[in-house]
Amino acid sequence: MGLFILRRVGVMILTALCLTFVVFFLTNLYPNLEKLAKTQGNFRMSDEAVETYLANHGYLQPTPLKYAQWLGVAPGWVIEGSDGELRGRCFEPGLPAEEAPTFCGVLQGDWGYSTVFREDVAEIVSTRLALTGKLMFWVMLLMVPSALIIGVLAGMREGSATDRTLSTVSITTTATPEYVSGVILIAVFASSAVGLKWFNGTATSAMEDANFENFFLPVLTIALYGMGYIARMTRASMAEVMTAQYIRTARLKGVAFRNIVLKHALRNALIAPFTVIMLQFPWLLNGVVIVETLFNYKGFGWTLVQAAGNNDIELLLGVSVVSVFVVLITQLLSDIGYVYLNPRIRIS
Amino acid sequence: MEELSWTGSLGTIMDPVLYVVAALFVVLVALRVVLSLFVRAGPGVVAAADGTATATGGPVGLVDTGMKLSGLALIAVVLVYLLGGAVAGWPGAGIIGGMSRQFLPVWIALVATFALSLGFKRRLGLYGKLFDSVIGMIGFGLVMFWVFTGIFSAMDLIATHAPLDQISGMKNKVPGTPLRFGDEGAYPYYLLGGDNLARDVFSRMVTGSWVVVQIAPLATLFAFMVGITLGLPAGYYGGKLDTFLSFLANLILAFPVILLFYLLVTPEIVATGIPNYMATVLFVFPLVFTGVLINSRFHTSPMKRNLLIAVILGAMLWVYLSLISAGGTKVDVLPYWLDLFDIPGGILVVFVSVVFVNSPTVFRIVRGLAMDIKTRDYVAAAQTRGEGPWYIMLWEILPNARGPLIVDFCLRIGYTTILLGTLGFFGLGLPPESPDWGSTINEGRKLLTIYLHPALPPAFALLSLVLGLNLLADGLREESLKD
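What counts as what
Along each chain, numbering runs from 1 in the same order as the chain's sequence is written. The naming scheme follows written order: chains are lettered A onward, ligands numbered 1 onward. In keeping with the predicted nature of the model, local features appear solely for residues at pLDDT of at least 70, side-chain atom pairs appear and are counted solely at 80 or more, and the whole-chain, interface and lining totals rest on all residues. Water and hydrogen atoms play no part in the side-chain values, which are based on all heavy atoms of the structure. Pairing of aromatic rings covers Phe, Tyr and Trp, the last counted by its six-membered ring, and requires centre-to-centre distances within 6.5 Å; plane angles under 30 degrees mean stacked, over 60 mean edge-to-face, and any other angle means tilted. Note on conventions: DSSP H or I runs of at least 4 residues are helices, E runs of at least 2 residues are strands, and numbering of each starts at the N terminus. Burial classes: relative accessible area under 20% of the type maximum marks a residue as buried, over 50% as exposed, and values in between as partly exposed (1.4 Å probe, protein chains only). Take the buried Ala, Val, Leu, Ile, Met, Phe, Trp, Tyr and Cys residues and link them wherever side-chain atoms come within 4.5 Å; each set so joined is a nonpolar core. Throughout, a contact is declared for two residues whenever any of their heavy atoms are within 4.5 Å. Defined in terms of a 1.4 Å probe, buried area is the accessible area two parts forfeit on being brought together, summed over both. A carboxyl oxygen of Asp or Glu within 4 Å of a side-chain nitrogen of Lys or Arg is what we treat as a salt bridge. Any pair of nitrogen or oxygen atoms within 3.5 Å is treated as a polar contact; in protein, a donor-acceptor pairing is required on top of that, and neighbouring residues in sequence qualify only through side-chain atoms on both sides. Each domain's extent was defined by an automatic or database domain assignment.

(A) Main features of the packing of aromatic side chains. Residues and elements named next belong to chain B. For the coordinates displayed, the defined rule picks out 31 aromatic pairs over all chains. Residues Trp-107 and Phe-145 carry aromatic rings whose centres are separated by 5.5 Å and whose planes lie at 35 degrees to one another, so their mutual orientation is tilted. With Trp-107 in helix α4 (residues 104–119) and Phe-145 in helix α6 (residues 134–154), this pair connects stretches of sequence that are 38 residues apart. Relative accessible area serves as the criterion here: at 22%, Trp-107 is assigned to the partly exposed category. With a centroid separation of 5.1 Å and 80 degrees between ring planes, the pair formed by Phe-145 and Trp-146 is classed as edge-to-face. Assessed through its relative accessible area of 5%, Trp-146 is described here as buried.

Shown next, in the form of structure tokens:
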């Protein structure tokens, strides 16, 4: 087990390195840098001005070198600009140039500086992640129990009317992407023209003070899409367990149906959905981006859109490192959890 | 002219009927679900083959019958609306009728398809078996509805106005508003209202279906070609190749899809030509696939093989080259007079990124299937016969993996549709005035709390298409498991 985890962690780090390099490469292509220079300087810069700006700010070094600097394995650049000013990657405003550290990268805990928000990346990512964490907590709280209940109810009597109805419901929710269900939910529950006006159409106020009225719609929108999928997995697994030999034995012994479901079938039927729930995280991340944009909730997904739309290189890298690690760690956890939950694997 | 109501004069009779029938149906369905949780068995019990018993008769059976009858009545009422509308058009049957009239070619094509398929269903293999399952038929109907809508709207038979026409005085007008300054001969109403720029919502929705119907299946097909061509050897050989390819697939899968889209689809990246290079790589796979497919089958008779490869691959190569090369971009290999067609830049980029995102999942599925099937006896038999590895992969393993692959293909078209919508929703790739559903939803959502009608039709259109594909996949899975 220890070796397995060690190997997985190794692969994980390799994956993260590859992915951040891809992001780094794509954001550091010349047209992107040109756009960055123009948004930072002014939009009417001549080509030469762009070139000098980029050279003065260290953007024109070879990409692998820049990547190594970002990682913190190569010394940060110090360039005496064409305007005579000495600039350095690791220079802090207000600190003399001599006292700046040689290395300043992710490994030293320096995530860089966001050019859009004019703040430290580490700061932005942590506050935004906390906001999204709040959203995800409520999503999980709503999604997982309801999906499991729907799945178990549908799967315990395969082919019954309950099964048909609940399966149709779960197929419908998986077929409704967030931007469709969000629009429909806003139309029904939040529109000021017609509709019920029960909830708010935006969740901006939920960032400080989340209550049922301003937070339920975004939570429901994300939860609905994932719910159908988990429910269908649970249903399939439940239906499979219900045809197993030991369930038939229990039936023949005369155990009440309720006890068969609750005591014999449920625990075995929940092993498969566990992995599915963990593997839902990457998908949920997708949903988070859409829902946060739709409901104007300024969390992690919203930051991703802002960073990507403005080619904010270091923020984008920070965001992608975090999301890649979220995905990979949940994969690891789902593997480990599966081994622990499944006695057949655990004991052998 | 007066504003159109939803159901017109037909509605004065039919609306009350609809309300009663619909309410009855909903109540009975709810009752049936609740009853099945508490009431165990009715007087008549039918034992199923798997050892469970189903109740017939009794209160449950009664509700069951009622539910079926009211459901049928509901369908009948809806049919009356649609048929009445198709016959009477907008003056008599309101907005629904007007739309139904516009969709007339689609109805005819749908009826013809179903009549033919039901007539010959025993001779049509898996496709015919689909018509044994109600779920599958509903799904197939929904999908074909949008496919026909897409095709006919490309032939300009359905839309009432041009998708980009702005008519003054129609900004944000509610459904059924008559044109104020319509030209002679123009359709006199905006059936589903006007959007923020005074364009017809109905026509945009209908035209948008063509974008989806064109791109989604084709992109899925390409993703399958890539996934199959790489997944079969990875599963069959295993070892280092498998480790390497799986690592690559996981790499792409660990990427948040939206970040990838943002990185690939922005104009700056397009200017560097990276999407064109990716297209060059990704679109090679169908050629490789076909080449290997033909070679592995006919390598024993070189004459036939050479002929087939020359003809088929030659044609494909030409299409491939004219697909990837477009004047003015980084990949410009074919001279102008040889270039069959140019894909508009935005569409090519969207296409490439959707294929790129989808292929790793297909790869994983195919790899898993190949690993499972390669242990079968018929594969061992083929190995003993001395068949080459590619023959075994493509002519022994692949045909036997077709069931799950067909099901996944349907599901994946739905997923691709969702991805396309996501791209449109973030305003990536397609031009901003494009009528595709994602962009229209994105435009409509900005005024959503005041005007609902511009955002809802494309939302429901996308929902029904993806739902149809999911139901179709479900029906196919059910039917393919039966034998």
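(B) Expanded view of the nonpolar core. Residue and element names in this part refer to chain B. Membership of the largest hydrophobic core comes to 179 residues, with the highest contact counts inside it found for Phe-202, Phe-283 and Phe-426. In contact with Phe-202, other than residues within four places in its own chain, are Met-99, Gln-102, Phe-103, Ile-158, Thr-160, Leu-191 and Leu-192. Listed in part, the 20 residues of the second largest apolar core include Leu-232, Phe-289, Met-393 and Leu-394.

(C) Quick peek at the interface of chain B and chain A. Taken together, the 47 residues of chain B in the interface contact 58 residues of chain A. Each partner contributes to the roughly 4,600 Å² buried at the junction of chain B and chain A, and carbon and sulfur atoms together form 76% of this total. The tally of links between chain B and chain A comes to one salt bridge. Note that Arg-232 of chain A is salt-bridged to Asp-474 of chain B, the shortest N-O span being 2.7 Å. Taken together, the connections running from chain B to chain A amount to three residue pairs in polar contact (both at pLDDT 80 or more). Secondary structure elements with two or more residues in the side of chain B that touches chain A: α1 (8–38), α8 (239–254), α9 (257–265), α10 (267–272), α17 (402–425), α18 (437–445) and α19 (456–482) of chain B. Among the elements that line the side of chain B that touches chain A, the one with the most residues is α19 of chain B, at eleven residues.

(D) Region of the structure containing the environment of Pro-218 of chain A. Residue and element names in this part refer to chain A. With respect to the helices, strands and loops of the structure, Pro-218 is situated in helix α8 (residues 212–242). Here Pro-218 falls in the buried class, since its relative accessible area comes to 1%. Once residues lying within four places of it in the same chain are set aside, the contact partners of Pro-218 are Leu-135, Ala-203, Val-291 and Phe-295.

(E) Looking closely at the domain arrangement of chain A. Residue and element names in this part refer to chain A. According to the domain assignment, chain A contains domain 1 (2–108) and domain 2 (128–341). Averaged C-alpha coordinates put domain 1 and domain 2 at centres separated by 37 Å. Between domain 1 and domain 2, the contact holds 20 residues from the first and 16 residues from the second. Buried area between domain 1 and domain 2, both sides added, is near 1,600 Å², and the carbon and sulfur share of it is 75%. By the criterion of area lost to domain 2, the three top residues of domain 1 are Arg-8, Met-12 and Thr-27, representing 32% of everything that side buries. Where domain 1 meets domain 2, there are zero salt bridges. The tally of links between domain 1 and domain 2 comes to one residue pair in polar contact (both at pLDDT 80 or more). Secondary structure elements with two or more residues in the side of domain 1 that touches domain 2: α1 (2–27) and α2 (30–40). With twelve residues, α1 is the largest single contributor of residues to the side of domain 1 that touches domain 2.

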